[in-house]
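Letter by letter, the chains look like this.
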Amino acid sequence: MGKKIKKEVEPPPKDVFDPLMIESKKAATVVLMLRSPEEEILAKACEAIYKFALKGEENKTTLLELGAVEPLTKLLTHEDKIVRRNATMIFGILASNNGVKKLLRELDVMNSVIAQLAPEEEVVIHEFASLCLANMSAEYTSKVQIFEHGGLEPLIRLLSSPDPDVKKNSMECIYNLVQDFQCRTTLQELNAIPPILDLLKSEYPVIQLLALKTLGVITNDKESRTMLRDSQGLDHLIKILETKELNDLHIEALAVIANCLEDMDSMVQIQQTGGLKKLLSFAENSTIPDIQKNAAKAITKAAYDPENRKLFHEQEVEKCLVALLGSENDGTKIAASQAISAMCENSGSKDFFNNQGIPQLIQLLKSDNEEVREAAALALANLTTCNPANANAAAEADGIDPLINVLSSKRDGAIANAATVLMNMAMQEPLRLNIQNHDIMHAIISPLRSANTVVQSKAALAVAATACDVEARTELRNSGGLEPLVELLRSKNDEVRKHASWAVMVCAGDELTANELCRLGALDILEEVNLSGTRKNKFSEAAYNKLLNNNLSLKYSQTGYLSSSNIINDGFYDYGRINPGTKLLPLKELCLQEPSDLRAVLLINSKSDVSPPSSMEDKSDVGYGRSISSSSSLRRSSKEKTKKNSYHFSAGFGSPIEDKSEPASGRNTVLSKSATKEKGWSSLPISR
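Given the structure is predicted, the values throughout are model-derived calculations rather than measurements.

S.K.: Residue-level account of the overall build of the protein, with values.
M.R.: Per the secondary structure count, the protein includes 42 helices and five strands. Looking at the protein as a whole, 51% of its 688 residues are labelled buried. Residue pairs in contact within the protein that sit at least 24 positions apart in sequence constitute 68% of those at least 6 positions apart.

Here it is in structure tokens:
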């Protein structure tokens, strides 16, 4: 036998690198490994980075600062499935960091992430890719990128995934996307409502809640409500309300139902299946304030439709709303008050609240919560409008005092609503007198000074309704209320200007108040307003004429006539015709002017101590536009008529002279009674 020869081991090729096992404890080193061409190193580096990122936000920021994001984005399209999977997992975690989100938007990787949602990819890739999109979609710019890259369709498909995490992430991303109207429209085209409704049956509450929230957004559109109804979605929602174990979903379910009730067809369907009665019973008997509040909001939304109001009234919704007014939760009280406001459009409901509802609303006016007071005042304003019985009921419930207190509220809406109720009540004389006894004229001054045009308008209307007698106007005048009222005549708001004019017209009913209004410039402002074709209104013209009736000298100079109801007194003077916009000088200033070649100003003075001159030789021409150099002829004329108590305004001067005077100015001849009583009068010429 030959001797055995030991086989020599061949040395490794010289161009092959010997395997090297490295244990790195620095994230920076692993980030450098992301640029390696070796698939195994890439996979292990991604795995290590994923574990590091899971530990907290600080680590995500560290990775961002180390420059890990950009090389990782290239790995999303790597040929190796494991590398691609691990990179996707990292982005699912990293995308919750705001800095990473911003960088990802700049790198425009949305298309690469959406590609990971393809049906052939693994479930784990679906999970983290959808998680990445859910995190990114929280910001508007990312929403746009996801939508523009066609991300909505694969997300809807993944709602049917067997993995609950995939469903949850996809639903969350869709919820963020549908905040935009364009995305909601596309969602309808992709028939997304059936798969969303299927998620209501999920055993995971978070998925059910996201589905309901999404339905709550998309059912703001009529087309989506129709699709929901056709998909039997209303039945699903009512069943959720009936299931006590699902009470954590009741609030969101009510929000969806509230949207659906805006459609008459949905309302009828719920009513026919008994769902409406269940809804009202559920709202009334629930012990959870937010559920009661959302139920009342649902009623409010639906009640804007007349047919819906009719159905609600048939189901005695009023009893439910009155019960909700007694809730201890302010939000529920506000929602119930708003629902009552909406239901007031139904006459039957309005009558129901006469005995039940108005007393509770009056009590809410005393609440410390300003929003509660505002909502209660709104309900009362709607209840008392064109309804004297409800106005009486509000007064009988001792509502006048709290309503006047609300006029000093910090909320403009509360003030405007309270003023409206007081105005509605003041339409009845007994109630008006009662309101006046509660110092309304002093309380209304602050709303008149408000910067809010709605408050200004309602306050002016309240003045017009309550200042109907001399005592009330005197109180308003003495309280300083006329000044802010006159200022409202300058308003650029048409409603404010109209209602302020109305109030001024009412206040001009007695001479003292009318004179004060004129002193404050109301007559000048109204004249300016009436010269404008766009600013004037019937009330501004009526107010101006009412003030003119208390300034007959100005009226005669502007119009050339006085009506039979205009009674002239001492101090009336005829200046002659003036053009619109021209200011009539007061008598005191005219007396100080030097004589001129213009015609005389004629003054009515019935005092008996004025004696005619001894000489009657002076003569002068009597013509419009000339000065009267002697008044003897006029005095003689006046002496002949001393025992008469009525005068004719001549066609010549438009002054109290003999009927045989020669016409010169072309004025109308109108009969007017004087205030003199059998004691003589004189017409004194004042040269001008």
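S.K.: Summarise empty space enclosed by the protein; cite the residues concerned and give the values.
M.R.: Tallied over the entire structure, the rule returns one cavity of 30 Å³ or more. Residue lining of the largest cavity: Arg184, Leu187, Gln188, Ala192, Ile193, Ile218, Ser224 and Met227, and that is the complete set. Looking at the lining of the largest cavity, the elements with two or more residues in it are helix H12 (181-189) and helix H15 (222-230). Looking at the lining of the largest cavity element by element, the count peaks at three residues for H12. For the lining of the largest cavity, the class distribution of residues is five nonpolar, two polar and one charged.

S.K.: Quick rundown of the environment of Leu228? Include the residues and the values.
M.R.: Within the secondary structure layout, Leu228 lies in helix H15. Taking the C-alpha atoms as reference, Leu228 lies 6.6 Å from Ile193; in sequence the two are 35 residues apart. With residues up to four places along the chain from it excluded, the contact list for Leu228 reads Ile193, Leu197, Leu215, Thr219, Gly233, Leu234, Leu237, Val256 and Cys260.

S.K.: Residue-level account of the packing of aromatic side chains, with values.
M.R.: For the structure shown, the criterion picks out four aromatic pairs. Seen from their ring centres, Phe352 and Phe353 are 5.8 Å apart, and the 85° between their planes marks the pair as edge-to-face. A residue is classified by how much of its surface remains accessible, and Phe352, at 22% relative accessible area, is partly exposed. A centroid spacing of 4.9 Å and a plane angle of 20° characterise the contact between Trp502 and Phe539, whose relative ring orientation is stacked.

S.K.: Quick one: what's the story with the side chain of Asn346, residue by residue and with numbers?
M.R.: Summarising the element assignment, Asn346 is placed in the loop between helix H23 (330-343) and helix H24 (347-352). Under the relative-accessibility criterion, Asn346 is labelled buried at 15%. Setting aside chain neighbours within four positions, we find Asn346 in contact with Arg309, Lys310 and His313.

S.K.: Before we move on, can you summarise unusual backbone geometry with the specific residues and values?
M.R.: The phi dihedral of Gln232 falls on the positive side, at around 60°, and the residue is not glycine. Among the structural elements, Gln232 can be located in the loop between H15 and helix H16 (233-242). Overall, Gln232 belongs to the partly exposed group, its relative accessible area being 40%. Its identity is not glycine, yet Cys386 carries a phi of approximately 55°, on the positive side. Inspection of the secondary structure puts Cys386 in the loop between helix H26 (370-384) and helix H27 (388-396). Judged by relative accessible area, which is 78%, Cys386 ranks as exposed.

S.K.: Give me the pairing of strand S2 (residues 601-605): which residues, what numbers.
M.R.: Counting buried residues in S2 gives five out of five residues, a clear majority hidden from the surface. Sheet topology places strand S1 (residues 573-574) next to S2; two bridges connect them, and they run antiparallel. The residue bridging Asp574 from the neighbouring strand is Leu602, located in S2.

S.K.: Which residues make up helix H34 (residues 470-478), and what values go with them?
M.R.: Among the residues of H34, those classed as buried are Ala472, Arg473, Leu476 and Arg477. The arc that holds every buried residue of H34, seen down its axis, measures 135°, which confines them to one face. The exposed set on the far side of H34, more than 90 degrees from its buried face, consists of Glu471 and Asn478. Buried-residue contacts for H34 involve helix H30 (429-436), helix H31 (440-443), helix H33 (453-466), helix H35 (482-487), helix H36 (494-507) and helix H37 (511-519). Gly480 lies just past H34 and shows a positive phi near 80°.

S.K.: Which residues make up the confidence of the model for the protein, and what values do they have?
M.R.: In this model, the protein carries an average pLDDT of 83, and 85% of its residues clear a pLDDT of 70 or more. Per-residue pLDDT stays below 50 along residues 610-688; that stretch engages in 186 contacts with residues further than four places along the chain or on separate chains.

S.K.: Which residues make up H37, and what values go with them?
M.R.: Each turn of an α-helix holds 3.6 residues, which means side chains three or four residues apart point in the same direction. Buried residues of H37: Thr513, Ala514 and Leu517, and no others. Here the buried residues of H37 occupy an arc of 100° about the axis, which is enough to place them on one side. Of the exposed residues in H37, the ones pointing more than 90 degrees away from its buried face are Glu511, Leu512 and Arg519. Elements in contact with the buried residues of H37: H34, H35, H36, helix H38 (522-530) and helix H39 (538-548). At the C-terminal side of H37, Gly521 shows a positive phi close to 95°.

Here is what the cut-offs are and how they apply
Residues numbered from 1 in each chain as written. Predicted model: local features only at pLDDT ≥ 70, side-chain atom pairs only at ≥ 80, totals over all residues. Heavy atoms only, no water. Helix = DSSP H or I, 4+ residues; strand = E, 2+ residues; numbered from the N terminus. Buried < 20%, exposed > 50% of the residue type's maximum accessible area, 1.4 Å probe, protein only. Contact = heavy atoms within 4.5 Å. 1 Å grid on protein atoms, 1.4 Å probe; cavity = no way out; pocket = protein on both sides within 12 Å on 5 of 7 lines; lining within 4 Å. Points joined across faces, edges and corners; volume = space filled by probe spheres on them. Nonpolar A, V, L, I, M, F, W, Y, C, P; charged D, E, K, R; others polar. Phe/Tyr/Trp six-rings, centres within 6.5 Å; stacked < 30°, edge-to-face > 60°. Pairing = 2+ DSSP bridges. Arc of directions from axis to C-beta. pLDDT = per-residue confidence, 0-100.

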